[in-house]
Amino acid sequence: MEVLKLKDYKWNAVTAECKAQESQKTAGCSGEAKTVPRKRHEIMKWNGWGYSDSRFLFNKKGQAEFTGKRYRLSGMIMPGLKDWFEVTFGASLQHKTPATPVLTSSSVPPPTLNEAFVEELKSTSIPFSLDAEDRVFRAHGHCLHEIFALREGKFGRVPDMVVWPNCHNDVVNIVELACKHNVCLMPYGGGTSVSSALECPPEETRCIVSLDTSQMNRILWIDEKNLTAHVESGIVGQDLERLLNESGYCTGHEPDSMEFSSLGGWVATRASGMKKNIYGNIEDLVVHIKMVTPQGVIEKSCQGPRMSTGPDIHHFIMGSEGTLGVVTEVTMKIRPMPEYQKYGSVVFPNFEQGVACLREVAKQRCAPASIRLMDNEQFKFGLMYSQMKNENVASLLSFLMKNKCTSLITSFKGFDPNNLCVATLLFEGDREKVLQHEKQVYDIAAKFGGLAAGEDNGQRGYMLTFVIAYLRDLGMDYYVIGESFETSVPWDRVLDICRNVKARIVAECKDKGVQFSPFSTCRVTQTYDAGACVYFYFAFNYRGLSDPVNVYEQVEHAARDEILANGGSLSHHHGVGKLRKEWMRDTVSNVGMGMLKSVKDYVDPKNIFGNGNLL
Amino acid sequence: MLKKRDDFEDILEERRNSSDLRYALRCYTPVLYKGMTPCKADTLKSMVLQSNQLRYVISQVSKETGRATDDVREDASAILEEMAHSLQLSTVRFFAFTLSKVFKTLFRSICVNEEGIQRLQQAIQEHPVVLLPSHRSYMDFLLMSYILYTYDLALPVIAAGMDFMGMKFVGEMLRMSGAFFIRRSFGGDKLYWSVFSEYVKTMLKNGLAPVEFFLEGTRSRTAKSLTPKLGLLNIVMDPFFKGEVYDVSVVPVSISYERILEEALYAREMLGVPKPKESTSGLFKARKVLSEDYGSIHVYFGQPVSVRSLAQGRVNRCKFNLVPRHIPGKPSEEIQNFVNDTAYRLVRAQEENMVLKPWVLLASLLLQHHHQNQTAGQERGIALDELTAQAVWLRDVSREYGAFLNWPGVITPSEVVSSSLSLHRGLVRICEGRVQLAVEQTGTGEPHSAVTPEEELLSRAVVVLSCASYRNQALHVFIRPALLASAIHAASSNQKQEVFNSFSFLRNMFSNEFILCPGATVQDFEEACYLLVKTRALQVTQQEVLVTERGQRTLAFLTSMLDPFLQGYQFIPAVRKFIVKHLLAGRLRYTEVLSSDLQKNALAALLRLGAVRKIKGAEPGTLKVNAVMVNSLEDTLGGKLPMQKAVSARL
């Protein structure tokens, strides 16, 4: 498995099974490898994040390791994690809360079927399934309460059937049938939602059909003159990039969930990618969208790069969260692959200086492809990872080097290890420009007391992004639950919102009887001209609580109130779903709500797309 | 109603037993908010001058006036120079030393609740802290700093009136001990307001020091809490509303003096002998006070109040999202109401923890007795044992009402009474076992003809007003029951609704006079009913309010407590001379109605109720009288007219 040791950790997450599929060319398709099979649960966890073969665990020696072979971290042992885990959460390896190991089909409620619909669907030969595994897999996203319930083997309302359209026309047929037979359709892309968007409304009495777009995953054409690609909406991020890379292109759209999230999902939630500073967010990347609605297909007649034709109809589609229809095909901008990539990191004496530096970088509009600022807690967490051990000698050596570097930083005068924070950077472009750009950014950082802290620290930071979701599953094995949530906020409010929301989380936990001090940290993950995107991470040890999920939800609710009271937005890119619906009216005003409602009423009067999100 | 309160420790005790010098020079290492290091006064000034808010206002003022920005900035800088404190530990040590000496001479003890100090210490480390002491004496803020120094707590910066600056040397000394000075009025001066508010906010936000100011705005000359001023409270809450701090802890502090240093001074001032301008020489003249016994002081640090939890569900902080926070704006109605309610709550919290000495009860009884005798034409005083018996009765009543009474338990009631009387011998006279107010000018030696009746009346009034200021200390305990008692008295029937209407009228009338939380009429009525029912003075049914046999005495006491105020308000539209005439003619009983404080409050009430109104453009102080309204108010207060039916409230 040489390929798995490629330095580029992101694209090696391809399974052997997927490779096998590569040869199974589907009729009419260009024959790309499929990462996502119809039976997702064969390679992915049904009650946790990501691939079944990749997970954190504490081995017999009590050391943490990451299993599998997909990631750079795979097969590694992290001796520091146990201490960090026990100290941070007051958790103990003796106190376990294991998940229900297997899905018992009998405890899944039987499907309510619309026989006429099923009959007609059969005649179209679009594949579908009534299996409990398939239905349960599509009944949830990755909110804490959703995963917690699955681990306990509890299922609420789940879709009654799953259909896998193969192309745009299949979707048109399905939507027509759904309208005809009054069936509720819920589009399903990557399933990485963290807004309860995939939860079936419990009050829905109609047959709920989960429309899984995963098999619509082809790049239909690439236009090198205009630098655009026309892609089916079900393609997941890693496949899109990998396939484009084969032709020397990329979209540059890399949300943290890109291994699993789909193009259609990005459009439906107004996604944002790590490298948006160069490539833009989804709304900047999209040139043309085709969506199937109960009223028919909506699309623009041309691919002009900008139009003055009334309100942009794309903006009714982007962020509609599956309430209006199914996005089937998207024309996206593409770019030649960057000639050169370079990671970097800067250590700041404190978070305030770090934010001031990011602000200055944004002001001078010289942000690298990605620039992120971690607070002190996350900095310490990162340090713990820098002490990873591997069997091979080379990495042991590099570990020593890193360790030396760490002690250098912490002993640097004026730097208090309890205040330090770190920014990670990613530069992209042609080599010369990257180096020039790098110098410019480091010069600005120096003005704010920032010290360059090496490429490795930066790279590790980005790598952790992909495994952090796996870490939550480990916590859940030992009484620790948590999640992240995000917001966007004007520059002048960044420090205030970070301080106040973190403090609110701590205060609420105390108030709700949480026995251990919570892990409450944040990072600034995106910079804009007028503000920044801030992520909060929040986890706690729930031993001694009778209803931990309820406590968690109350605290998160309070934290969201605090975000809004401090001038933060309801969401930067996670979307509203059902989790944040209650704040929508205050967020967009009564008239705004009315506008959105009237669009929904016109496009989908029978509420075929009845997932109940947003409004 | 008995509240759990902390115990007191006398901080002078240690001072009497160990070296003051060593105390003044000891190691002082207070804990600070978030472990901050205190910043230099100069750094603070430049932070203020460079703040976005001030820069914005400077450029605005410069645009409006056409003056150069630099000039305006100079002005701002000058204002800041005039205002800013320059806290120095050496000065604090100097005060620690001298005040130890002074306090030991003046006072028997200075009692502090140490649990309150511990709570404060905790609060200082968690959030920026605002200290809100009651204000009865010049001594208040020196005393506060002295106590905080004693307990190794962060020294506060204190908002003080500019009048102190008149005293050159003392002003600078106070500045160096943490006082900053604000002009009494700066109405429309945008720049001044901006420098001032930014200065306070900068100190607060950065947690550089606890900010201390007096909610009542000025010293209460009557010992009755003054209706709160909102300006500074608004300023210190603003950083919370705007999310600049997570929370602000507000700590009400109740300072009770057994004998107020300025006792007679206040009475004269209220009677129109103008307030002496604060001057250094004037303060030294006060040296004669040094030879007297002023009893003890009780300082109670109340429970820290979290502004965040008060604002929960009442203030929508999102309102501040749409305008940059450094642009000053008028607070919204929502905020104004919130700040106003909070201010009242805090003043009530101060009142509740005010320690009452037995003398306060005695003063109330003696005053009532004085007036009754006066009407009866005899001024023979009250027998000492009768007074003792009444005092014991009142002690028990006030305890039931939740008063924080400091009645020594180890000695007999008669000893308590006599020791109280002896401490206040300037105000009472005991002869032949009878006690009365020292209202007659005996042994002045002046020829009788030189004293006009007016002058004699005024000098009598000085004693009455001084005495009243002690009675006033207990008013907050009795005010709600007293309003109810008077309402029952005034109401034409025992119908509950009728009584409530009457209560609500009186309460509304007196809301400038006493601390009555806005919008809390029903709660106050219920509280009053509860207390009187609990003490078995009243029976309250669904429809009726009935006074019990046993309750007659209580109600009589309560009504007479309010009587001077009722009478005062009846005659307010009339001028002072007129009052004097009436008093002399015996038509008015209460010398207290001469108090400028009462007149001021009454006038404010009339303005509020629309009986008089200010005339725009006319000379300041010109008022237009709404004759119909005034007459009706006068009659209603005098008991000639039934109370107007208040908007029917749910009881």
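Everything quoted here is computed from the prediction, not taken from an experiment. Sequence positions are assigned chain by chain, starting from 1 and proceeding in written order. Note on labels: chains are lettered from A, ligands numbered from 1, in written order. With the structure being a predicted model, the display of local features is reserved for residues of pLDDT at least 70 and the display and counting of side-chain atom pairs for 80 or more, all residues being used for whole-chain, interface and lining totals. The basis for every side-chain value is the complete set of heavy atoms in the structure, and neither hydrogens nor water enter the calculation.

### Looking at the overall build of chain A
Link 1 in the chain: Segments assigned H or I by DSSP are reported as helices when at least four residues long, segments assigned E as strands when at least two residues long, and all are numbered from the N terminus. Across its full length, chain A carries 19 helices and 21 strands.
Link 2 in the chain: Taken over 615 residues, chain A has a buried fraction of 59%.
Link 3 in the chain: It only takes one pair of heavy atoms within 4.5 Å for two residues to be counted as in contact. Sequence separation of 24 or more characterises 76% of the internal contacts of chain A that already satisfy a separation of 6 or more. Burial here depends on accessible area, computed with a 1.4 Å probe over protein chains only, as a share of the maximum for the residue type. Under 20% is buried, over 50% is exposed, and the range in between is partly exposed.

### Description of the domain arrangement of chain B
Residue and element names in this part refer to chain B.
Link 1 in the chain: The domain limits used here are those given by an automatic or database domain assignment. According to the domain assignment, chain B consists of domain 1 (38-353) and domain 2 (439-572).
Link 2 in the chain: Centre-to-centre, using C-alpha coordinates, domain 1 lies 32 Å away from domain 2.
Link 3 in the chain: On the domain 2 side, the residues contacting the 26 residues of domain 1 number 23 residues.
Link 4 in the chain: Buried area: the sum, over both parts, of the accessible surface (1.4 Å probe) that disappears when the two are put together. Summing both partners gives a buried area of about 1,900 Å² for domain 1 against domain 2, and 62% of it is carried by carbon and sulfur.
Link 5 in the chain: Ranking the residues of domain 1 by area buried against domain 2 places Lys-224, Leu-271 and Arg-348 at the top, with a combined share of 33%.
Link 6 in the chain: Think of a salt bridge as a Lys or Arg side-chain nitrogen and an Asp or Glu carboxyl oxygen that are within 4 Å of each other. Taken together, the connections running from domain 1 to domain 2 amount to 2 salt bridges.
Link 7 in the chain: Lys-224 serves as the salt-bridge partner of Glu-513, at 2.8 Å between the closest nitrogen and oxygen.
Link 8 in the chain: Residues adjacent in sequence count toward polar contacts only when both atoms are side-chain atoms; beyond that, a polar contact is any pair of N or O atoms within 3.5 Å, and within protein one must be able to donate a hydrogen and the other to accept it. At the boundary of domain 1 with domain 2, the tally comes to 4 residue pairs in polar contact (both at pLDDT 80 or more).

### Re the packing of helix H21 (residues 496-509) of chain B against helix H22 (residues 521-534) of chain B
Residues and elements named next belong to chain B.
Link 1 in the chain: The angle between two axes is taken between their N-to-C directions and runs from 0 to 180 degrees, where each axis is a line fitted to C-alpha atoms and a helix contributes only its stretch in contact. Orientation of H21 relative to H22, taken along the N-to-C sense of each, is 115 degrees, at an axis distance of 10 Å. The element H21 and its partner H22 pack so that their crossing is right-handed. The segment H21 lies against H22, with Lys-496, Val-499, Phe-500, Phe-503, Ser-504 and Arg-507 engaging Thr-521, Val-522, Asp-524, Phe-525 and Ala-528. Left-handed is the label given to a crossing in which the near helix is rotated counterclockwise from the far helix by less than a right angle, and right-handed is the label when the rotation is clockwise.

### What to know about the UniProt feature "binding site: substrate" (unreviewed entry) in chain A
Residues and elements named next belong to chain A.
Link 1 in the chain: UniProt positions are given in the numbering used here, feature names are shortened, and annotations may be inferred rather than shown by experiment. Sites flagged by UniProt as "binding site: substrate" (unreviewed entry) map to Arg-472.
Link 2 in the chain: Along the chain, the position of Arg-472 falls in helix H16 (residues 455-477).
Link 3 in the chain: Of the residues examined, Arg-472 reaches a relative accessible area of 17% and is grouped as buried.
Link 4 in the chain: Apart from the residues within four sequence positions on either side, Arg-472 is in contact with His-142, Cys-143, Leu-144, Ile-147, Val-480, Gly-482 and Glu-483.

### Re the pairing of strand E21 (residues 531-541) of chain A
All names here are of chain A.
Link 1 in the chain: A large share of E21 lies buried, amounting to 11 of its 11 residues.
Link 2 in the chain: Neither face of E21 is exposed, since Gly-531, Cys-533, Tyr-535, Tyr-537, Ala-539 and Asn-541 on one face and Ala-532, Val-534, Phe-536, Phe-538 and Phe-540 on the opposite face are all buried.
Link 3 in the chain: Pairing between strands is defined by DSSP: at least two bridges between them are needed. With 11 bridges connecting them, strand E19 (residues 480-490) and E21 associate as antiparallel partners. Residue Ser-488 lies in a different strand from E21, and its bridge partner there is Cys-533.
Link 4 in the chain: Where strand E20 (residues 519-527) lies against E21, 8 bridges are found, and the strand directions are antiparallel. Bridge pairing in E21 places Gln-526 opposite Cys-533.

### Comments concerning the interface of chain A and chain B
Accessible area lost during the coming together of the parts is what is often quoted as the interface size.
Link 1 in the chain: Between chain A and chain B, the residue contacts involve 13 residues of the former and 13 residues of the latter.
Link 2 in the chain: Taken together, the two surfaces of chain A and chain B that pack against each other cover about 1,100 Å², and 34% of this comes from carbon and sulfur.
Link 3 in the chain: Among the residues chain A hides against chain B, the three largest losses belong to A:Arg493, A:Arg499 and A:Ala565. Together they make up 41% of the total.
Link 4 in the chain: The salt bridge partner of B:Arg308 is A:Glu562, with a shortest N-O separation of 2.7 Å.
Link 5 in the chain: Those elements giving two or more residues to the side of chain A that touches chain B turn out to be helix H17 (494-511) and helix H18 (548-565) of chain A.
Link 6 in the chain: Per element, the largest residue contribution to the side of chain A that touches chain B is 6 residues, and it comes from H17(A).
Link 7 in the chain: Residues are sorted three ways: Asp, Glu, Lys and Arg are charged, Ala, Val, Leu, Ile, Met, Phe, Trp, Tyr, Cys and Pro are nonpolar, and all the rest, Gly among them, are polar. Across the side of chain A that touches chain B, the residue classes break down as 4 nonpolar, 3 polar and 6 charged.

### What about a nonpolar patch on the surface?
Residues and elements named next belong to chain A.
Link 1 in the chain: Patch criteria: residues need more than 30% relative accessible area and no salt bridge. Like-charged residues are merged within 9 Å; nonpolar side chains of Val, Leu, Ile, Met, Phe, Trp and Tyr are merged within 5 Å. Shrake-Rupley sampling with a 1.4 Å probe provides the accessible areas, and residues are treated as covered by the protein chains on show and by no other component. A surface patch of nonpolar side chains, amounting to about 290 Å² of accessible area, comprises Val-591, Met-595 and Leu-596.
Link 2 in the chain: Following the sequence through the fold, Val-591 ends up in helix H19 (residues 584-603).
Link 3 in the chain: Residue class for Val-591 comes out exposed when judged on its relative accessible area of 60%.

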